[in-house]
2 protein chains.
Amino acid sequence: VTRGRDRALRAALAVGRAIGESRVITDEELLERFAGDESDQEPVQPHAAVIPASAEQAAAVMRIASEHSVPVTPRAGGTGKSGGAVPVQGGIVLSCEKLTTIKEIHEEDLVAVVEPGVVLGRLHEAVEERGLFYPPDPASLESCCLGGNVAENAGGPRAFKYGVTSHYVLRLEVVTAAGDMIRVGHRPVKGVAGYDLPALFVGSEGTLGLFTEITLRLLPGPPHVSTLLAPFPDLPAAGRGVGAILAAGLIPRVLEIMDARCVDTVRSEGAALPPGAAALILAELDGSEAGVEADLQVAGTALDGAGASEILVASGPVERERLWKARRDLSEALGRSHSHKISDDIAVPRSRLVETLERLESIAADHHLTGATFGHAGDGNLHVNFMWDDPGLDGEADAARAATMRLALEMDGTVSGEHGIGSVKRQFLADELGPGVLDLGRSFKRLLDPRGILNPGKLY
Amino acid sequence: VTRGRDRALRAALAVGRAIGESRVITDEELLERFAGDESDQEPVQPHAAVIPASAEQAAAVMRIASEHSVPVTPRAGGTGKSGGAVPVQGGIVLSCEKLTTIKEIHEEDLVAVVEPGVVLGRLHEAVEERGLFYPPDPASLESCCLGGNVAENAGGPRAFKYGVTSHYVLRLEVVTAAGDMIRVGHRPVKGVAGYDLPALFVGSEGTLGLFTEITLRLLPGPPHVSTLLAPFPDLPAAGRGVGAILAAGLIPRVLEIMDARCVDTVRSEGAALPPGAAALILAELDGSEAGVEADLQVAGTALDGAGASEILVASGPVERERLWKARRDLSEALGRSHSHKISDDIAVPRSRLVETLERLESIAADHHLTGATFGHAGDGNLHVNFMWDDPGLDGEADAARAATMRLALEMDGTVSGEHGIGSVKRQFLADELGPGVLDLGRSFKRLLDPRGILNPGKLY
């Protein structure tokens, strides 16, 4: 351990000489803010943090870290849910906080070029001002950064219609573990010259390279959006509602489900939700005003047929924003309701949604925990929360998490729909992938990072 | 050469012993149909062809080929445009023609599971019968197969709104070069457990593995579709029309452009196109009937403002299908107009579309060739054709192709938007990727196929 610390500090000194001492932090108190993320991974303080001001400086950091064989954990917004930004093996945290330039928004090409430290919400505002649209919208959008979004392949509610981050990354400037700079991908929307390397880097959780410039595809902004709420008397009916919307030929941009506890929590956060619902569907439709009006009718009929207690349309942007603000704060609000909480984000085939929700309720009961589940029903992507107050239940929570992962795999699903594996879910990865695919992933890692210095202790 | 042939025939003999002699073809006449594709790559006859009837048999073929170090070229529909299915180094062609089962279409999960030899058009019919939708639609859809679509990451007109094949591949069963069977990806729409390996295999042109089972994402079928034609007095005006549609906030499912020669050719194939147009925009809008009606109005106003000579709406499915049939036959029809033709499929940023079209006209004139360009304007993806009759112009055609590739790269575009590199465009790949990214691609190839037996002579 001491040797690791000494080596990290020697590397930090060399980084200071190369890119300026003011770019290097080794003061223990100042290092605290680089220790944790928003998962239940225990924070770990790095030995040093470096804050490059350019891609070239970031490359210099990687070259020096590589020479010294010192771990480097890239950090963007630090809002991850799987421990991805936690420097579990110490070493250097490479922070993107000074790489915050929106380099270009091109209205005709429908392209944005950003640095990794740009906050997602800022990009949303910048493109929406021009009538454009960047769909990915994880709940942390006011603080998460594009670099982290790319590293984790972030999704969000709008992924149902519009897909996840990987569908928007056209080109990446990547600093490799050895400190080389490469550019992969293309500026036009389509391109098949060579293997799809951007797709391999997206979702690689900082283990294959560092992104210093990100070229993103944009869309024309939808002229009109409407939000629809439908409370249901029970979860199976809500599950039928999801199926009925799709069977009617609609592709809402958002198709969310919440259980009773989540509905109560969102209401307590200030959103106008109906009381007494055992489950709720929240759908958003976008397009031309006439199209949205027509689709609302179709959706209403479908939800009604599935047994919705009532159907409410959120009127106007203020009410919509209040609803979404409360929805985005849901995870935190659930956290405040008990002294302990763990969250997971499994995904299952849509036809297994109701069965999964019911069995999650049983898992919570079996382990004496309070369960609360919400998620992106259209994608079968569920955010599963277990809460408890008695510290004696910590072991039960671990067992409930393991049971949840087994359930996801039994349903032919995945242990992570959008949060990533990081350090938190490593123990479940092999169960999903099997030894052959696990080895294949590891061999890619060795190829791109032979010394294993990029975000060690994560993913594979 | 003789040694290669002997080795291939020994391997073919071993394959016959392993999976049945009736599955192996070595008769030279019968081998002819495995020699070519639909590119201008010279056909090359393999030493043997094998026709496995199951994934296990395909794996056995790969194991034997690997032991004998014999090249294996996978072949699905053989409709590729870049030489991907041509066994340029001889050896064994592995044909998917008996792997033609649609294993599953799940309406609630919106998932289809197919074998690689399923013809795309057959999948379209099967899902559309159930009110579902699989968007990718390369022009060869009546004969191309899903295995080839995945290998080449096929696109087509509808890619503008709906994306290309990679956006629909959820899970792949892959036979590796060594003959191992692995499964990568997941059945739910979302999943981030490990690197995005399906994305790496999609578009790998048969050089990384053989796909024996493909799980595809489906969508609900759009209830209504309308097709809109707008002739323009010149190409720049048509280019402005493309921009105007997007600036109006529309995302048509198709947004195509054609030059005068293509318009004339499509008309001569039986489609009701207006005479005398110097350029044409063909757009398709889908969604609810009311939404499409509203969008048609917006699109009409946008195209009118850009200078369209008139705006026509294709009335009804029969007229639409005749139009599309003629559009799909366009490449072949252009081929019939002269004794020689070469085609390319560059993509450029949308804002460079008009400049690119104008410079393509100059390239044709400079080289005494007849040029004809059409393509997916929304994606900046152009199908560039040069035709000639005098065999003395063959060298000019090569020079025009090289100039076209230089032009694509000068525009910050790509040498292939959807057809792939194969054998035809290998010489241009390094210009696009640069040495670092080229090496990275090669290192992935070495990792997955250390003996270099999978589709040698292609891509990298």
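## With respect to the packing of aromatic side chains
Residues and elements named next belong to chain A. Under the criterion given, the structure shown has 9 aromatic pairs over all chains. Ring centres 6.4 Å apart and planes at 85° place the aromatic pair Phe201 and Phe211 in the edge-to-face group. Within this pair, whereas Phe201 is found in helix 7 (residues 197-201), its partner Phe211 is found in strand 10 (residues 210-217), the two being separated by 10 residues in sequence.

## Here we look at the sheet that holds strand 14 (residues 279-287) of chain A
Residue and element names in this part refer to chain A. Read across the open sheet, the 7 strands follow the order 15-12-14-13-17-18-16; overall the sheet is antiparallel. Unpaired on one side and paired on the other, strand 15 (312-314) and strand 16 (340-344) mark the two borders of the sheet. For this sheet, the mean inter-axis angle between neighbouring strands, taken without regard to orientation, is 20°. Alignment of strand 13 (residues 254-259) against strand 17 (residues 370-376), held across 2 bridges, turns out to be antiparallel. Note that in strand 17 the partner of Met258 across the bridge is Phe374. Each of strand 13, strand 17 and strand 18 (381-388) is contacted by helix 13 (residues 353-366), which is oriented at about 10° to strand 18, the strand it contacts most.

## Quick notes on the relation of the copies chain A and chain B
Placing chain A over chain B gives an RMSD of 0.0 Å and needs a rotation angle of 180°, together with 0.0 Å of translation along the axis. With respect to symmetry, the two chain copies, as superposed, fit the operation of a two-fold axis. Scanning chain A for the C-alpha nearest the rotation axis identifies Gly291 of chain A, at a separation of 1.6 Å.

## Some remarks on the nonpolar core
With 188 residues, the main nonpolar core has Leu172, Phe201 and Phe232 of chain A together with Leu172, Phe201 and Phe232 of chain B as its most contacted residues. Setting aside residues no more than four positions away along its own chain, Leu172 of chain A makes contact with Val150, Ile182, Arg183, Val184, Pro198, Phe201, Val202, Phe211, Glu213 and Ile214 of chain A.

## Quick look at the interface of chain A and chain B
Note: interface size is frequently given as the accessible area lost on complex formation between the parts. Each partner contributes residues to the interface: chain A has 77 residues there, and chain B has 77 residues. A buried area of about 6100 Å², summed over both sides, lies between chain A and chain B, and 65% of it is on carbon and sulfur atoms. The largest contributions to the chain A side of the interface with chain B come from Lys190, Val192 and Tyr195 of chain A, which together make up 16% of the buried area. The interface formed by chain A and chain B contains 6 salt bridges. The closest approach of N and O atoms between Glu418 of chain B and Lys190 of chain A, which form a salt bridge, is 2.7 Å. Connecting chain A to chain B are 22 residue pairs in polar contact (both at pLDDT 80 or more).

About the thresholds
Residues numbered from 1 in each chain as written. Chains lettered and ligands numbered in written order. Predicted model: local features only at pLDDT ≥ 70, side-chain atom pairs only at ≥ 80, totals over all residues. Heavy atoms only, no water. Phe/Tyr/Trp six-rings, centres within 6.5 Å; stacked < 30°, edge-to-face > 60°. Helix = DSSP H or I, 4+ residues; strand = E, 2+ residues; numbered from the N terminus. Pairing = 2+ DSSP bridges. Axes fitted to C-alpha atoms, helices over the stretch in contact; angles between N-to-C directions. Contact = heavy atoms within 4.5 Å. Least-squares fit on C-alpha atoms with pLDDT ≥ 70 in both. Core = buried A, V, L, I, M, F, W, Y, C linked by side-chain atoms within 4.5 Å. Buried < 20%, exposed > 50% of the residue type's maximum accessible area, 1.4 Å probe, protein only. Buried area = accessible area lost by both parts, 1.4 Å probe. Salt bridge = Lys/Arg side-chain N within 4 Å of Asp/Glu carboxyl O. Polar contact = N/O pair within 3.5 Å; in protein donor to acceptor, adjacent residues only side chain to side chain.

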